[in-house]
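Close look at the chain arrangement
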Amino acid sequence: MGLYRKGAFDYCAWLTRSAQSNFAVGLKLLPKERREAMEVVYAFCRAVDDVVDQGEGVPEDGGLKRAERELQLWRRELASCTGGYPSHPVAVALQPVIERYRIPAGYFEDLISGCEMDLTRRRYATFEELRVYCEHVASVVGLIAIRVFGCEHPETRNYAVNLGIALQLTNILRDLKADILRGRVYLPQEDLKRFGYSEEDLSSCRTSEPFLKLMAFQCGRAREFFSKARESLEASGEHRKLLPAQIMGAVYAQLLGCIESARYDVFSKRMAVPKSRQALTAFRLLVSQGRWDYA
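The paragraphs below set out a description of the structure included in this document. (Residues numbered from 1 in each chain as written. Predicted model: local features only at pLDDT ≥ 70, side-chain atom pairs only at ≥ 80, totals over all residues. Heavy atoms only, no water.)

Right, let's get into helix 4 (residues 89-101). Given 3.6 residues per helical turn, the α-helix brings residues three or four places apart onto the same face. Counted at 1.5 Å a residue, the expected span for helix 4 with its 13 residues is 18 Å, and the 19 Å between its end C-alpha atoms agrees. Burial analysis of helix 4 places ten of its 13 residues in the buried class, which makes it a mostly covered element. Within helix 4, burial applies to Val90, Ala91, Val92, Ala93, Leu94, Gln95, Pro96, Val97, Ile98 and Tyr101. Looking one or two places after helix 4, you find Arg102, whose phi comes out positive at around 50 degrees. (Helix = DSSP H or I, 4+ residues; strand = E, 2+ residues; numbered from the N terminus. Expected span 1.5 Å × (residues − 1). Buried < 20%, exposed > 50% of the residue type's maximum accessible area, 1.4 Å probe, protein only.)

Okay, here's the thing in structure tokens:
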């Protein structure tokens, strides 16, 4: 490995560890090469997402246009990964990861497209529209991960897609307050109307009876996708290879439980699963599944 490429991998590793994201909880259990590959994947996700965060909430002729240009630059970097010489450290590290694990570049394109939605779209009329967003920003990361994990059974694809939707729906429920302050409402408009809860109510952080019913429905929907993911996991038989994903799924299922236990009051404080509980979850899954070997 060349010095510059090694530096690129080191940068991605530093970025992943410094973020202290739930994404990284199970990565420590991976063999070195696969862990490094997932750190690069995380770094790419983080870099693209940061473009959006820096571009929102400003006039269209300012930060928004700049963000759109930067996403186009990432598209060019991605194209260089499969037919050229990338220049950004994250792309430099990503190039051998794509080649080694035969990851379709289209997955990363989908991720960029999902982030673009956050620049131009702040409401979703139906759940089916929201589902497309979830698949672009979350499920696609799972599809990339199962390549790195070395999964082969067709059901692992369904596992990745359904788990990604479940995780993103949980994120949406946790971040209701932060998102409305940024002018974003991810809860489908059809659901707000169905339960008689307005955006004005949401802006005022009202925990009324309609809100409780709305949130119970949303949590139930997220649990349905967790359940679908578990069914696909059982059908695949690839529990050991998917252990890092299982840990992340278990942590987010606990986060959903925290939201439910608090009677859906996500306005008073940001819900989180303590690091000690995350570590215990990882340990229990590791013991129950055992260490796994790769070909």
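Having seen it, we continue.
Further remarks concern unusual backbone geometry. Even without glycine at this site, Arg102 takes up a positive phi of about 50 degrees. On the secondary structure map, Arg102 appears in the loop between helix 4 and helix 5 (105-120). Of note, Cys205 is a non-glycine position whose phi angle comes to about 55 degrees, a positive value. Among the structural elements, Cys205 can be located in the loop between helix 10 (199-203) and helix 11 (209-236). Of the residues examined, Cys205 reaches a relative accessible area of 24% and is grouped as partly exposed.

Moving on to the environment of Val287. Relative to the helices and strands, Val287 is located in helix 13 (residues 275-289). Owing to a relative accessible area of 54%, Val287 belongs among the exposed residues under this scheme. Residues Val287 and Arg102, spaced 185 residues apart in sequence, show a C-alpha to C-alpha distance of 31 Å.

Our focus in this paragraph is the pattern of salt bridges. Summed over all chains, the structure comprises 20 salt bridges. Arg123 is the partner of Glu199 in a salt bridge, and the nearest nitrogen-oxygen pair spans 2.8 Å. Remark: Arg123 occurs in the loop between helix 5 and helix 6 (127-149) and Glu199 occurs in helix 10; sequence separation between them is 76 residues. On the basis of relative accessibility, which here comes to 25%, the residue Glu199 falls in the partly exposed class. The shortest N-O distance in the salt bridge between Arg270 and Asp175 comes to 2.9 Å. One end of the pair, Arg270, is in the loop between helix 12 (243-261) and helix 13; the other, Asp175, is in the loop between helix 7 (155-174) and helix 8 (176-181), and 95 residues separate them in sequence. (Salt bridge = Lys/Arg side-chain N within 4 Å of Asp/Glu carboxyl O.)

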